[in-house]
2 protein chains.
Amino acid sequence: MSNQQVIGIDFGGTSVKLAVVEGSELLTDVFRIPTQDFVGANPLIAAIIDQVKEIRETFPNIAAIGIGVPGAVDFSTGITYNLTNVKGWSSVPLRDEIQRLSGLPTVLDNDANCMAFAEWKFGAGQGYRNVVCVTLGTGVGGGLILSGEVFRGSTYAAGEIGQMSIDYNGVEGPYGNSGALERYIGNRQIAEMAAKMYEEKGLPVPEDHSPEGLAILARDGDEVAREAWRRIAHYLAASLMSTIYLLNPDAVVIGGGVAHAGELLFDPLKAKLKETLTLECFHHLSVVPARFGNTAGILGCSAMAAESL
Amino acid sequence: MSNQQVIGIDFGGTSVKLAVVEGSELLTDVFRIPTQDFVGANPLIAAIIDQVKEIRETFPNIAAIGIGVPGAVDFSTGITYNLTNVKGWSSVPLRDEIQRLSGLPTVLDNDANCMAFAEWKFGAGQGYRNVVCVTLGTGVGGGLILSGEVFRGSTYAAGEIGQMSIDYNGVEGPYGNSGALERYIGNRQIAEMAAKMYEEKGLPVPEDHSPEGLAILARDGDEVAREAWRRIAHYLAASLMSTIYLLNPDAVVIGGGVAHAGELLFDPLKAKLKETLTLECFHHLSVVPARFGNTAGILGCSAMAAESL
């Protein structure tokens, strides 16, 4: 049943965000608990539970809790392996602890799967049967909806689009994986690439050459910034092309900060995909920006929790 | 019900092969109809139907027909789009024609899916939930079993591992897809690569520098041939690594002529995968040779037909 009130808890690198969710609506503001105030898992879990209790005084009908975390989780046991940017969180039975302390049924998944679920249930992926979701930010994450279900893989590690190779002899990825997409179009790598492009042209490197800055520059007609976006699109297209040949999805949903570049990214990306895919794979394919921004994680884990009831 | 007698029909480039199948057993020799003897679809279909009728005189309990074809098919309508190496076969309603003329329920799929189904039901992929099957031959094909079902994608075009890119700036594939795996490790490309490797060393190019020939040479200690196999493994590893990061399967089954090289291919391939995958993706993963050779297609389409009853 998906029309119940649940609490969504989204673990970020700097804060844990909580909100009450019904369907695709947030019924409250987003409460934030800064992770840096806590050492290790248990004190932070206690603070979360305090917040949950407070929320339930106003919302007595909360039926479940959904949790999204950055990093690997075992979906079947609800144990987190590690949280990106958060220390002291390996092998924490987070789902069962929250469930035990709150007394509410709890679902735990990684944030990329939550984002994919939110976009598929309520957002840009709605109505499609096979959806590939990509988030472009500090890293590159992904989540898959296949045959109308979240596809998690054999050890719940599927969807790692950022680790796919676009060059068998390319830049080393974090796991020795040459050509890992993330090492080409992560935020930092985009900024470094752009800086080098300006330098090679003998031009001063703009102070803000982050993806955001590059989008503004490109819209103002800066040729180097426009070329940078074409390269980003080219890199992304290579891995999406491979993903599409493998999975033949009907939609690719792209979110995260880098996707805010809009047509600067999407126009060359779609052109490249059209150029390199068979008609069977391309003609029915939608390549669309994500609908939800920062709330995708909360909405997705909440929707998973509501569906599990 | 899978313990019924069915006729499996496997369309190859040079002949159509038919056999009576029960479970994973062939109850007859393989009958062959040479495709070159027929111009266009209808005369060949008539010859197939004649053969089917003859078979049913000996096997009156045939319950269904399974057909595997090389090339794109629409699984839902049973229409072939094109058959690799066979002319005059675009947009043929092959499934319905065979069904109408034989009076038997008929299932049609592409041969890579049939191979994957056979390996998963009876062969090297048995007992696994998520299986990636690859065939290495003239081209590179693939079939996917995901969550215990054949995964065909939104327009039945999934599994095209041979078209995935291992280099965003690499050799052009047949659809403008730079770095298409098939253009690195198809039979002809392997032979060309090996010839170049011998020439670069100032060595005579062995008469048989096909994958088969290279396997014999490598086993005899030929260093260039051994290096060629390491390169082949390196190329294949790049696309499998991407596939595994995306799908997190529990088995990769590799068949086709090139896979007959055995440990020459599998040892460096597994080493490379171990080197480039996370522990979560690698520790439970089986990378194994296919069990069935030429009969995989017949067994697979037969099993699909039997299961559909």
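Rules and cut-offs
Residues numbered from 1 in each chain as written. Chains lettered and ligands numbered in written order. Predicted model: local features only at pLDDT ≥ 70, side-chain atom pairs only at ≥ 80, totals over all residues. Heavy atoms only, no water. Phe/Tyr/Trp six-rings, centres within 6.5 Å; stacked < 30°, edge-to-face > 60°. Helix = DSSP H or I, 4+ residues; strand = E, 2+ residues; numbered from the N terminus. Buried < 20%, exposed > 50% of the residue type's maximum accessible area, 1.4 Å probe, protein only. Least-squares fit on C-alpha atoms with pLDDT ≥ 70 in both. Contact = heavy atoms within 4.5 Å. Salt bridge = Lys/Arg side-chain N within 4 Å of Asp/Glu carboxyl O. Core = buried A, V, L, I, M, F, W, Y, C linked by side-chain atoms within 4.5 Å. Buried area = accessible area lost by both parts, 1.4 Å probe. Polar contact = N/O pair within 3.5 Å; in protein donor to acceptor, adjacent residues only side chain to side chain. Pairing = 2+ DSSP bridges. Axes fitted to C-alpha atoms, helices over the stretch in contact; angles between N-to-C directions. Domains from an automatic or database assignment. Nonpolar A, V, L, I, M, F, W, Y, C, P; charged D, E, K, R; others polar.

Caption draft 1: How the structure looks around the packing of aromatic side chains. According to the stated counting rule, one finds 12 aromatic pairs over all chains in the structure shown. Their ring planes at 90° and their centres at 5.1 Å tell us that Tyr168 of chain A and Tyr235 of chain B sit as a pair that is edge-to-face. On the criterion of chain membership, the pair formed by Tyr168 of chain A in the loop between β11 (149-151) and α4 (182-185) and Tyr235 of chain B in helix α7 (residues 223-247) is interchain, its members lying in two chains. With a relative accessible area of 11%, Tyr235 of chain B lands in the buried category. Look at Tyr175 of chain A and Tyr245 of chain B: their rings are 6.5 Å apart centre to centre, the planes differ by 35°, and that puts the pair in the tilted class. Pair noted here: Tyr175 of chain A is in the loop between β11 and α4 and Tyr245 of chain B is in helix α7, and the two residues belong to different chains. The structure contains a cluster of three or more aromatic residues connected by ring pairs, namely Tyr168 of chain A together with Tyr184 and Tyr235 of chain B.

Caption draft 2: Spatial organisation of the relation of the copies chain B and chain A. Of the two same-sequence chains, chain B is brought onto chain A (RMSD 0.0 Å, axial shift 0.0 Å) by a rotation of 180°. Both copies are brought into coincidence by an operation consistent with a two-fold rotation axis. The position closest to the rotation axis in chain B is occupied by the C-alpha of Asp167 of chain B, lying 2.0 Å away. Most of the interface of chain B is mirrored in chain A, where 100% of its interface residues again form contacts.

Caption draft 3: Layout of the pattern of salt bridges. Residue and element names in this part refer to chain A. Scanning the model with the defined rule gives 22 salt bridges over all chains in all. Linking Lys17 and Asp10 is a salt bridge whose minimum nitrogen-to-oxygen distance equals 3.8 Å. The burial state of Lys17 is the same as that of Asp10; both residues are buried. Among the ionic pairs, Arg219 bridges to Glu263, the shortest N-O distance being 3.8 Å. Taken together, the residues span a long stretch of sequence, with Arg219 in helix α6 (residues 211-219) and Glu263 in helix α8 (residues 263-276) at a distance of 44 residues. Overall, the relative accessible area of 42% leaves Glu263 in the partly exposed class. Here the salt bridges do not stand alone but share partners, grouping Glu223, Glu227, Arg230 and Arg231 into one network.

Caption draft 4: Summary view of the nonpolar core. Ranked by size, the top nonpolar core spans 110 residues in total, and within it Leu247 of chain A together with Leu247 of chain B carry the most contacts. Beyond its immediate sequence surroundings of up to four residues, Leu247 of chain B is in contact with Leu144, Leu146, Phe151, Gly153, Ala158, Leu246 and Leu247 of chain A together with Val132, Leu144 and Leu146 of chain B.

Caption draft 5: Here's a closer look at the interface of chain B and chain A. Counting residues at the interface gives 48 residues for chain B, matched by 48 residues for chain A. If you sort the residues of chain B by the area they bury against chain A, Tyr168, Tyr245 and Leu246 of chain B come out on top, with a joint share of 21%. Inspection of the region where chain B meets chain A yields zero salt bridges. One can count 24 residue pairs in polar contact (both at pLDDT 80 or more) joining chain B with chain A. Residue assignment for the side of chain B that touches chain A shows that the elements contributing at least two residues are β10 (140-146), α7, α8 (263-276) and α9 (279-282) of chain B.

Caption draft 6: Structural detail: the sheet that holds strand β13 (residues 286-289) of chain A. Residues and elements named next belong to chain A. Pairing in this open sheet of five strands is mixed, and the strands run β11-β10-β9-β12-β13 from one edge to the other. Single-partner strands in this sheet number two, and they are β11 and β13. The mean inter-strand angle of the sheet, taken between neighbouring strand axes irrespective of direction, is 25°. With three bridges connecting them, strand β10 (residues 140-146) and β11 associate as antiparallel partners. Across the sheet, the residue bridging to Leu146 is Glu149, located in β11.

Caption draft 7: Main features of the domain arrangement of chain A. All names here are of chain A. Parsing chain A into structural domains produces domain 1 (5-115 + 295-307) and domain 2 (126-289). Taking the mean C-alpha position of each, domain 1 and domain 2 sit 28 Å from one another. Contacts between domain 1 and domain 2 engage nine residues on the former and 10 residues on the latter. In total, about 820 Å² of surface goes out of reach between domain 1 and domain 2, with carbon and sulfur atoms giving 59% of it. Of all residues in domain 1, Phe75, Asn113 and Met115 give up the largest surface area on contact with domain 2, accounting jointly for 58% of the area buried on that side. As a salt-bridge pair, Asp109 and Arg152 come within 2.7 Å of each other at their nearest N and O atoms. One can count one residue pair in polar contact (both at pLDDT 80 or more) joining domain 1 with domain 2. Elements represented by at least two residues in the side of domain 1 that touches domain 2 include exactly β6 (73-74) and α3 (111-122). No other element matches the three residues that α3 contributes to the side of domain 1 that touches domain 2. Considered class by class, the residues forming the side of domain 1 that touches domain 2 number five nonpolar, two polar and two charged.

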